[in-house]
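Inside the fold
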Amino acid sequence: MNQEEIFNNLLVMLFNEILDVEQKALITGSFKEISINDMHIIEAVGLGGGNMSSIAAKLNITVGSLTTSMNSLVKKGYVKRERSEKDRRVVFIQLTNKGRMAYHHHAEFHRQMTEAVLAELNEDETEVLVKALDGLRKFFRQYHEQ
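Residues numbered from 1 in each chain as written. Predicted model: local features only at pLDDT ≥ 70, side-chain atom pairs only at ≥ 80, totals over all residues. Heavy atoms only, no water.

Let's talk about a negative patch on the surface
Judged by side-chain charge, E123, D124, E125 and E127 come together as a negatively charged surface patch. Among the structural elements, E123 can be located in helix α6 (residues 123-145). (Patch = residues over 30% accessible without salt bridge, like charges linked within 9 Å, V, L, I, M, F, W, Y side chains within 5 Å. Areas by Shrake-Rupley, 256 points an atom, 1.4 Å probe, with all protein chains shown as cover. Salt bridge = Lys/Arg side-chain N within 4 Å of Asp/Glu carboxyl O. Lys, Arg positive; Asp, Glu negative; His and termini not counted. Charge placed at Lys NZ, Arg CZ, Asp CG, Glu CD. Helix = DSSP H or I, 4+ residues; strand = E, 2+ residues; numbered from the N terminus.)

Pasting the structure below:
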């Protein structure tokens, strides 16, 4: 196998393993009724909340697509909606206590993952990894915008 094939295989395996591990680690106990997609929406809402447009922009999806997921999260008690008093068309989203617990649960998973990876690398290797991942992120962003 050449370097490109090795790199591609590693990316595909890593992507699939992240989805699998994240599903098993995050969607447990108190959070069994939500999906990884729901958890990522909770992460995008964040502790400070936001309006539907800003949350959709963070996720690179339309407000219409977000609405369906948001309806489900409201029903499950993870988020609450509040209309702006200044402009009734604007809907603000906040995490409930249950949503904040899910948010912290997700953040802890990512903290542990990052800590485990960085423990294996020295400072120079960390810089190279960050540069490579940023290049990959830029590629995906440009590819998405085309």
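Considering the sheet that holds strand β2 (residues 79-83)
A sheet is described by the order of its strands in space; here 3 strands give the open sequence β1-β3-β2, paired in antiparallel fashion. Both edges of this open sheet fall to β1 (50-51) and β2, since each of them pairs with a single strand only. Contacting β2 and β3 (91-95), helix α4 (residues 63-76) crosses the sheet at an angle of about 115 degrees to β2. (Pairing = 2+ DSSP bridges. Contact = heavy atoms within 4.5 Å. Axes fitted to C-alpha atoms, helices over the stretch in contact; angles between N-to-C directions.)

Overview of the packing of aromatic side chains
Inspection of the entire model under this criterion finds 3 aromatic pairs. Relative to F140, the ring of F139 lies with its centre 5.5 Å away and its plane at 65 degrees, an arrangement referred to as edge-to-face. The exposure class of F139 is partly exposed, given its relative accessible area of 44%. An aromatic cluster is present here, built from F139, F140 and Y143 joined pairwise through their rings. (Phe/Tyr/Trp six-rings, centres within 6.5 Å; stacked < 30°, edge-to-face > 60°. Buried < 20%, exposed > 50% of the residue type's maximum accessible area, 1.4 Å probe, protein only.)

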